[in-house]
Amino acid sequence: MTHVHDAVIVGAGFGGMGAAIQLRRMGYDDLVILEREDDLGGTWHVNRYPGLAVDIPSSTYSYSFEPNPHWSRLFAPGPELKAYAGHVADKYDLRRHMRFDTPVAGAHWDEDASHWVVTLEDGAEIAGRFLLTATGFLSQPKMPDIAGVDSFEGEVIHTTAWRDEVELEGKRIGIIGTGATAVQLIPKLGKLARHLTVYQRTPIYVSPKVDGKVPAPVRAVFAKAPISQKATRLVGSSILEVMMVAGVLHYRNAPWANAIGKRACQQHLKRQVKDPELRRKLTPDYDFGCKRPTFSNTYYPTLTQSHVDLETTSIDHVDATGIVTTDGRRADLDVLVLATGFNLWDANFPAIKIVGREGRDLGQWWRDNRFCAYEGISVPRFPNFISLNSPYSYSGLSYFTTIETQMAHMERLLGAMEEKGADVFEVKDEANDAFLDRMTELLGNSVFNAGSCATARSYYFNQHGEAVLLRPTSTISAHREAVRFPIDDYDYRRARVTA
Ligand code: NAP
């Protein structure tokens, strides 16, 4: 007889680890965490490009129940996040549940047995009462649809597959993309390259970065009196919250709040770039917040250097030795860096094939209908399934607020199920529909619908032009709903067979 684990979790990043911690707290100890990479940490294990750092203050970008007094900077560098993930896994004894180099192909609900059957890419099957997917939003790298990239004879590196052994010093480097990743990487490349060409399709809003080392005495205070770090966290979270709620979600009622964000970025550009033509090229023509803005004090100054070119003419093709733009000009290159981001809407949602009750295929159903998950976590016809990277789940701020909101939802949901003597939960159609209606209405006030986002090319929007990635409520309200949602929004029942 197949062993049925309490839960199978797909993904050993911070989301998957948070879910495992919550399940362990509730007494579910027979867990399997499946991870396609060779170690834990998710995005902080995969991304290793020079300049990688968190872009949310570190006191906020961490579990509230596991503060880390040792962050070296206000915005910690990537390796510290990876080390923090390792620390959490050790402290909460999660490593024994993890299986690395184990890519998952798909999962289906076995209605007769009332459990999930997860199929690995090597064909093996693993069964679990609950299935939780924590596969991330920014986890499927996007290769640019540009002719000839494969024919380039120099080095090609996507930022998610950084190779330290590729020599950059003194080289002619081209980088495609000017998203948050490129903004962190370009200043580093600028220092190394003989010549750097930055290919920009859409400019990004860049605001000043209030960063710096956390002095040793402050770290000592954080370690001795964690309440002091909690206060710092509260300040950081509150500033982000106000920016998001007032500037982005309530755009229709408070366009002035959005204008403040836009102005701060424009002033930053004006201070750092004196050349009016370069400034014009770097000025976005869409509203602030349509696309994720970023922070940097070194991005614009790098672009003003004599050995750095900002190229805004479209790329026609790549050939063996460089990039040719549509006006026929070419740049010969030794190294081509693809900072082209991630494929959310074709390769993700969900990242694996998931088939629920009545043969409902989640990816197909989302595409044939509308993208939605009740409270950003559960979907009708998918019993005992918790989808941590769902439409309307992410606040757009610190991912940890989303993780902890979802942990709170799990606690209430699984607690209610146990209280009713049930083994299986499933969200009701009516609850899911009402949630979708409410989110759709709220989005009407946001910059995504009421503002001017048409030229932003933002990954917040899906293939139908709907901004369904972010939850259009404050994080406080999301958390309140996680601890108070009506228990009756779910059906609860006994499993047909108790394994
Ligand atoms: P991204 O924001 O999606 O940016 C991809 C860039 O590549 C864009 O500038 C895009 O141009 C360009 N691009 C893609 N395909 C192209 C093509 N065919 N031709 C020309 N240009 C092309 O991806 P990302 O920079 O990797 O950032 C993704 C997200 O990761 C960020 O928004 C942020 O949430 C997160 N991130 C976080 C941190 C952190 O510190 N926590 C750091 C880095 C990233 P268009 O805009 O015109 O499409």
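Residues numbered from 1 in each chain as written. Predicted model: local features only at pLDDT ≥ 70, side-chain atom pairs only at ≥ 80, totals over all residues. Heavy atoms only, no water.

Participant: Explain the site of the ligand here, please?
Facilitator: Neighbouring the ligand are 27 residues, the closest being Ala53, Thr181, Thr202, Lys291 and Tyr459. Within the side chain of aspartate 145, one N or O atom sits 3.0 Å away from a nitrogen atom of the ligand. Within the contact set of the ligand, an oxygen atom lies 2.6 Å away from a side-chain nitrogen or oxygen of threonine 181. When the ligand sits alone it has 910 Å² of accessible area, and the protein chains cover 89% of it. Residues that form the shell around the ligand fall into these classes: twelve nonpolar, eight polar and seven charged. Taken domain by domain, the shell around the ligand gets at least three of its residues from each of domain 1 (4-140 + 344-493) and domain 2 (149-209 + 252-286 + 296-338). (Near = heavy atom within 4 Å. Polar contact = N/O pair within 3.5 Å; in protein donor to acceptor, adjacent residues only side chain to side chain. Areas by Shrake-Rupley, 256 points an atom, 1.4 Å probe, with all protein chains shown as cover. Nonpolar A, V, L, I, M, F, W, Y, C, P; charged D, E, K, R; others polar. Domains from an automatic or database assignment.)

Participant: I tried to follow the state of the cysteines on my own but got confused; where do I start?
Facilitator: Note on terminology: disulfide describes a covalent bond linking the sulfur atoms of two cysteines. Inspection of the entire model under this criterion finds one disulfide. A sulfur-sulfur distance of 2.1 Å marks the disulfide that ties cysteine 290 to cysteine 453. Taking the torsion about the sulfur-sulfur bond, which here is approximately -80 degrees, the covalent link between cysteine 290 and cysteine 453 counts as left-handed. With cysteine 290 in the loop between helix H8 (276-281) and strand E11 (294-295) and cysteine 453 in the loop between helix H13 (447-450) and helix H14 (475-484), this residue pair connects regions lying 163 residues apart in the sequence. You'll find cysteine 290 and cysteine 453 in the same group, each marked buried. Left unpaired, cysteine 265 is separated from the closest cysteine sulfur, that of cysteine 290, by 12 Å. Of the residues examined, cysteine 265 reaches a relative accessible area of 3% and is grouped as buried. (Disulfide = S-S within 2.5 Å. Helix = DSSP H or I, 4+ residues; strand = E, 2+ residues; numbered from the N terminus. Buried < 20%, exposed > 50% of the residue type's maximum accessible area, 1.4 Å probe, protein only.)

Participant: Could you clarify how one ought to interpret unusual backbone geometry in this entry?
Facilitator: Across the chain, the bulk of peptide bonds are trans and the bulk of non-glycine residues have phi less than zero. With an omega dihedral of -10 degrees, the bond running from phenylalanine 349 to proline 350 counts as a cis peptide bond. Residue position: proline 350 is located in the loop between strand E16 (335-338) and strand E17 (353-355). At arginine 457, a position not held by glycine, the phi torsion is positive, near 50 degrees. Among the residues examined, arginine 457 registers a relative accessible area of 52% and is labelled exposed.

Participant: In this structure, what is going on with the environment of glycine 128? I would like to understand it.
Facilitator: Residue placement: glycine 128 occurs in strand E6 (residues 125-133). For the pair glycine 128 and valine 118, spaced ten residues apart in sequence, the C-alpha to C-alpha distance is 7.8 Å. In this structure, glycine 128 is in contact with Val4, His5, Asp6, Val8, His115 and Trp116, ignoring residues within four places of it in sequence. (Contact = heavy atoms within 4.5 Å.)

Participant: For this particular structure, what's the right way to read the packing of helix H5 (residues 216-224) against helix H6 (residues 226-249)?
Facilitator: Helix-helix packing: each pair is described by the crossing angle between the helix axes and the interaxial distance. The N-to-C vectors of H5 and H6 enclose an angle of 110 degrees; their axes lie 4 Å apart at closest approach. For the element pair H5 / H6, the angle class is roughly perpendicular. Residues Val221, Phe222, Ala223 and Lys224 of H5 form the contact with H6, whose own contacting residues are Pro226, Ser228, Gln229 and Thr232. (Axes fitted to C-alpha atoms, helices over the stretch in contact; angles between N-to-C directions. Parallel < 35°, antiparallel > 145°, perpendicular 65-115°, else oblique.)

Participant: Just to check I follow, could you spell out the nonpolar core for this structure?
Facilitator: The nonpolar side chains of a soluble globular protein tend to be buried with one another. Counting residues in hydrophobic clusters, the biggest one holds 138 residues, and the most contacted among them are Phe14 and Ile175. Looking at this core element by element, the count peaks at nine residues for helix H11 (residues 399-419). Here this core spans two domains, and each of domain 1 (4-140 + 344-493) and domain 2 (149-209 + 252-286 + 296-338) adds at least three residues to it. Residues within four places of isoleucine 175 in sequence aside, it is in contact with Ala182, Leu185, Ile186, Leu189, Leu196, Thr197, Val198, Tyr199, Val337 and Ala339. Counting eleven residues, the second largest nonpolar core, distinct from the first, contains Ile146, Tyr199, Ile323 and Leu333. (Core = buried A, V, L, I, M, F, W, Y, C linked by side-chain atoms within 4.5 Å.)

Participant: Even after reading the chapter, I still don't get the side chain of aspartate 287, so can you show me in this structure?
Facilitator: Structurally, the position occupied by aspartate 287 is in the loop between H8 and E11. Engagement of the side chain of aspartate 287 in a polar contact is seen with the backbone nitrogen of serine 452, the distance being 2.8 Å. Residues within four places of aspartate 287 in sequence aside, it is in contact with Tyr205, Tyr251, Asn258, Lys262, Val447, Gly451 and Ser452.

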